[in-house]
Number of protein chains: 2
Amino acid sequence: MEFNKITGRILSAIKAIVGDDFVITDHADLEKYSHDETEDLIYYPEVAVKPKSPEEISALMKLCNEHQVPATIRGAGTGLSGGALPVMGGLLISMERFDHILDIDEENLQATVEPGVITEVFMDTVAEKGLLYPVDPASKGSCFIGGNVSHGSGGPRVVKYGTIREYILNLEVVLPDGDIIWTGANTLKYASGYNLTQLMIGSEGTLGIITKIVTKLIPRPAQDALLLASFETAESACAAVSAIFRAGIVPSALEFMERKGLEWVIKYDGINFDLKDGIEAFLLIEVDGTNMDVVFNDCEKINTVLEQFDCKDVLFADTSAQKEELWRLRRTMAVSVRSNSVFKEEDTVVPRAKLPQLFKGIKEIGSRYNFESVCFGHAGDGNLHVNILKGTMSDDDWHNKLKDGIREIFELTVSLGGTLSGEHGIGLVQKEFMPIKYSDVHFELWRGIKKVFDPNGILNPGKIF
Amino acid sequence: MEFNKITGRILSAIKAIVGDDFVITDHADLEKYSHDETEDLIYYPEVAVKPKSPEEISALMKLCNEHQVPATIRGAGTGLSGGALPVMGGLLISMERFDHILDIDEENLQATVEPGVITEVFMDTVAEKGLLYPVDPASKGSCFIGGNVSHGSGGPRVVKYGTIREYILNLEVVLPDGDIIWTGANTLKYASGYNLTQLMIGSEGTLGIITKIVTKLIPRPAQDALLLASFETAESACAAVSAIFRAGIVPSALEFMERKGLEWVIKYDGINFDLKDGIEAFLLIEVDGTNMDVVFNDCEKINTVLEQFDCKDVLFADTSAQKEELWRLRRTMAVSVRSNSVFKEEDTVVPRAKLPQLFKGIKEIGSRYNFESVCFGHAGDGNLHVNILKGTMSDDDWHNKLKDGIREIFELTVSLGGTLSGEHGIGLVQKEFMPIKYSDVHFELWRGIKKVFDPNGILNPGKIF
C-alpha cells in the first residue's frame, strides 16, 4: 500500500476540522503519541489530533481517504501489541477527549460511554449505583474502555462473568469512508444481519473508529472472599485450576502467578509479602455472591480441592485492605517487570487443563534459548502472559535468536489447542506468528473483510496481518 | 443472481459424492424438505442430500460453485424465519446425519458436537456429567444445535448465563468454495484476527456450512426454584421485570406470557391450569444456585418486588413435576398457537424496561388492523415473540393489509431502541422490514462480507438481505 505524506495543505484542512488547539505537529509534543507499552518500540506520527466528535472524525477520515494518508487510532496507549503505533506515520487520532460517561440507564442496566473513559472510572461510577461492569484488565486504572473493546480485552473476571463480547451491546462507529453508523441495537441480544458489533470487537482499530459504546451492566454482588494459595510446583498450581471448576465452583477470579513475579513486585514496588522458600507458584482465587455463608462454603470447597494438589498454604484475606494488597501483587506484576527490565510480553491462551504443559514447555524453551521469563495471567481462562526478560542475553540473541524461541512458544500453544493472544491483540509484534495458527484461507477472509470496510487501507495499516 | 438447474450430469456427480442412498429426488420425499415452521411457506428443492462428512460437503460446494447451483443448508427445520427454505430451488443439504456428540472434555469443560445433534439430547448428555449447556430454545426437544448457532438462538437462560455467543468457542466450517477451516481456537477467549466464530454465529447459513461445534460448558447449579406470578395487567408484569434486576437478583429465567397464550395451551394441549378471572399476564421466574437457602432468599426478594407491581398471586412449584408442568405451559405455547391457527410469528427485542410500551403498542396496532395476537417471550432479555393470528381476518387483509401492521410493530420496536429479531433470525420473512432499522451503509457492509465468503452467491440465496 502506497501512502502520502501530510502536506501543508492537508494540515490546514486538519486544523480547520478539529481546531488549531487540538492539532500537534511539534516533534517533542508528538513523543507521547510515538509509543504505547509495547516493548521499546517508537514510531512517530506526522501529525496527532484530538478530535471531540464523531463528525470531526468523519471529516478527518474523508480527508485521509482523499489524500491516501494513513490514520491510526489511539486510546490510552497502554496496549501491549503495538496496535496504536502509527507505523506508517500519517495521522494519529487520539481519543482522549472522548472522556464522558453519557448515560447510566438504571432501568435497563445499560450505560453509554465514550471510548476515552478510563475503565476504572467507569467501573467505579456504576459501582456507586450498585452495578457491575466486570471487564477489568490489569491496566484498568489507566486504559480506555475504547481500547478494551478494540482489543477484545479480558481481565480476571471473564472466568465467571464472561468476555467483553457479552458486555458490549452496541457501538457507534465512524467507518473509514466517513460514514457514521450504530452497529446494532441497545438490546441484550439480537439476530438481524451479520453481527457488526462483534466484528468490531477485537478488530484493533482497523475497521472503524469507535465513538460511543453501549454496555450491559449487572447487579453488583455484595459479598466476596479472596484466597492466595501457595504451591511447590507451578504444575500443581495449574492442575488445581481445572479441578476447582470440576468441583462445581465458578470463582469470580482465578489468577496464576509464578514466584519470580512476586519477587519482582516485592523488590521494585515495596509490597510487603513473606515469600516462603520452596514455593514456586500461587493462585489468587476470588469468590463472590450475594450471601456470605455461600461464599465461605465455596471457599471451603476450594480448600478441599487445593489440598489434593499439594497446596502448601492458603492465605485468606480478612479485610478490604488485605484484599487490596493481594490484588496489588497481581495487578502491578506486569508494570513491575516492564519498568525494570528490557522485556517482551507474549500473550498465550490454551484450554485451561493444558496450562501445566504450557507452563512447563515455556520454561523448557527458555532454558534452551537462554531467556528468563515471568509468567502470570488469567489461569481460569487458560490465558497465560509470558514476560520474557533480556537479562544477560546478548543484544544479538535478543534481537535475532529470541524470535525462534517465541515462535516455539506459540507453536507449543497452538499444539495444545490454543492460539496467540487471549486478550492483548495481535497488533504489530505478534503478526509474524499468526501463520502458526491460521492458514491462507483465514488471511484471505480477513483481508477481504478489511477491504469491505476500508478499501484504500488507510486505517491502522500494518496491523494484525 | 442467475442460477442454473441441477442437470442429470450434476445429479450423477452429487450421487457420486454422497452415495445414491443419501440423495432424494422424488417429489413426495422432498416434501419434508420444502418447509420449516415458518407460517405456511413451501419451497421445494430440486434435490436434497444427506451428507455425512465435511469432505462430502466440500465436494458438493465445489460442484455447486462450478455450475452456479444454489445450495441451502437445513438443520431440524424448526426455524421461524424461513432461513432453511430453498427459495431458489437447487440443492438442499440436510445436516441430519451429523448427529454425534464427538467429545465431552470434562477437564476443560468443553464439548465438541456435530451440528445435527438435537439441543436437548446434548443438554441431557452433559447434565449427566453434572454440567450445563444453558442455551435452550423452546424447541430444544427437536431443534439442532447447528441451527441454534446459525440463528444466534437464545432461550430462557440467556438472561443469567449469557447468549449463545458466549458458549460457542470454535467452529469447523466448510466455506462456499469448499475450503474447510476452524474459525478460531478451543479457548474461552482469544484476540487474534477478526473473530470469524462470532461472524458465523447468526449468519443463517449464508457464509459457510458449520460441520463441528466446540461449546463451553459450566458446572450445573444443583438447586433451583420456579415461581409463576399473575398480574391484572400485562404492563405491570412487564414493569416488574426491570425491578427484579434492580433489586440485585439475576433470575435464571424470566419469561412473560399473556393470558391468551395460556388459554391456548389449556384448550389445545390439555394442560390443567386454573386460570383465574381478571388476570391478564404471567411471569414465570426461575432462580438457581448452589445453595437452597440462597435460592429461597432470592425468591423472597422477588416476592417483595412483585408485590409492588400489583401481583395478584404467586404460585411456587414445590416438586419437579410441578416445575415441569409450569415450564410446559411456556414451552408448548408457540407450538399450540402454530398448530391451531393460521399465524405469523414476529420476533421483537427492546431494552427490557421498554417492554410495557412495546406490549401496549402491539395491542393498539392489533386493534387498528383487526388482528389478534398472542405475546410471550424472554422478558428478562426484552425479547417478545408476537404471534399474530388470522382469526376472522379476510384473506385479502391477511395477505396484503397485515404487512403494514407488522411494519408498524417493527417501527415501534426500533423507536423504543430495539431491533427486529432477538433470536429467530431474519431469514426470508423479516428481510423486507430490515430497512426500518438498518441503513444502506449496513447493507453495503453485509453484502460486502457475503461476497468475501461467497463470491458467486450460491449459499442460501435470498436470505437476510
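Residues numbered from 1 in each chain as written. Chains lettered and ligands numbered in written order. Predicted model: local features only at pLDDT ≥ 70, side-chain atom pairs only at ≥ 80, totals over all residues. Heavy atoms only, no water.

Chain A is annotated in an unreviewed UniProt entry as FAD-binding protein from Mucilaginibacter ginsenosidivorans. What UniProt records for chain A under Cofactor (unreviewed entry) is the sentence "FAD". (UniProt positions renumbered as here; feature names shortened; annotations may be inferred.)

Some points on the pairing of strand β13 (residues 253-258) of chain B
Residues and elements named next belong to chain B. Within β13, six of the six residues are buried, which leaves the element mostly enclosed by the surrounding structure. Residues A253, E255 and M257 of β13 are buried on one face, and the alternating residues L254, F256 and E258, pointing to the opposite face, are buried as well. The pairing of β13 with strand β14 (residues 281-289) spans six bridges and is classified as antiparallel. Bridge pairing in β14 links M257 to F282. As defined by bridge partners, β13 adjoins strand β17 (residues 372-378) across two bridges and the pair is classed as antiparallel. Along β17, the bridge assignment pairs M257 with F376. (Buried < 20%, exposed > 50% of the residue type's maximum accessible area, 1.4 Å probe, protein only. Helix = DSSP H or I, 4+ residues; strand = E, 2+ residues; numbered from the N terminus. Pairing = 2+ DSSP bridges.)

Overview of the UniProt feature "domain: FAD-binding PCMH-type" (unreviewed entry) in chain A
UniProt feature "domain: FAD-binding PCMH-type" (unreviewed entry): in the numbering of this structure it lies at residues 41-220 of chain A. Taken end to end, residues 41-220 of chain A is 22% helix and 23% strand, and its two terminal C-alpha atoms sit 39 Å from one another.

What to know about the interface of chain A and chain B
Interface size is commonly expressed as the accessible area that is lost once the parts come together. Across the contact, 85 residues belong to chain A and 85 residues belong to chain B. A buried area of about 6600 Å², summed over both sides, lies between chain A and chain B, and 61% of it is on carbon and sulfur atoms. The largest contributions to the chain A side of the interface with chain B come from K189(A), Y194(A) and R246(A), which together make up 14% of the buried area. Applying the counting rule to chain A against chain B returns six salt bridges. Counting the contacts that link chain A with chain B gives 34 residue pairs in polar contact (both at pLDDT 80 or more). At the level of secondary structure, the elements contributing two or more residues to the side of chain A that touches chain B comprise β9 (180-182), α7 (196-200), α8 (234-246), β19 (419-420), α15 (434-437) and α16 (440-453) of chain A. Considering each element in turn, the side of chain A that touches chain B owes the most residues, 10 residues, to α16(A). In the side of chain A that touches chain B, the residues fall into 35 nonpolar, 34 polar and 16 charged. (Contact = heavy atoms within 4.5 Å. Buried area = accessible area lost by both parts, 1.4 Å probe. Salt bridge = Lys/Arg side-chain N within 4 Å of Asp/Glu carboxyl O. Polar contact = N/O pair within 3.5 Å; in protein donor to acceptor, adjacent residues only side chain to side chain. Nonpolar A, V, L, I, M, F, W, Y, C, P; charged D, E, K, R; others polar.)

Concerning the side chain of T163(A)
By the secondary structure assignment, T163(A) is in the loop between α6 (158-161) and β8 (168-174). Among residues more than four places away in sequence, those in contact with T163(A) are V158(A), E166(B), L188(B) and K189(B).

Observations regarding the domain arrangement of chain A
Considered domain by domain, chain A is made up of domain 1 (8-97), domain 2 (101-219), domain 3 (223-334) and domain 4 (341-422). Just the C-alpha atoms count here: the centres of domain 1 of chain A and domain 3 of chain A sit 42 Å apart. (Domains from an automatic or database assignment.)

Here we look at helix α10 (residues 292-307) of chain A
An ideal rise of 1.5 Å per residue puts 22 Å on 16 residues; α10(A) measures up with 23 Å between its terminal C-alpha atoms. Along α10(A), the residues classified as buried are V294(A), V295(A), D298(A), C299(A), I302(A), V305(A) and L306(A). Buried residues along α10(A) cover an arc of 145° about the axis, so they all sit on one side. Exposed and oriented more than 90 degrees from the buried face of α10(A) are D293(A), E300(A) and E307(A). Packing partners of the buried residues in α10(A) comprise β12 (223-231), α8, β14 (281-289) and β15 (311-316) of chain A together with α10 (292-307) of chain B. (Expected span 1.5 Å × (residues − 1). Arc of directions from axis to C-beta.)

Points about the relation of the copies chain A and chain B
When chain A is fitted to chain B, the best match, at an RMSD of 0.0 Å, comes from turning it 180° and sliding it 0.0 Å along the axis. On the angle and the small slide along the axis, the relation comes out as a two-fold axis. Most of the interface of chain A is mirrored in chain B, where 100% of its interface residues again form contacts. (Least-squares fit on C-alpha atoms with pLDDT ≥ 70 in both.)

A short note on unusual backbone geometry
Even without glycine at this site, L109(A) takes up a positive phi of about 55°. Looking at the secondary structure, you find L109(A) in the loop between β5 (101-105) and β6 (110-113). A relative accessible area of 2% places L109(A) in the buried class. The backbone of D310(B) sits at a positive phi, close to 60°, despite the residue not being glycine.

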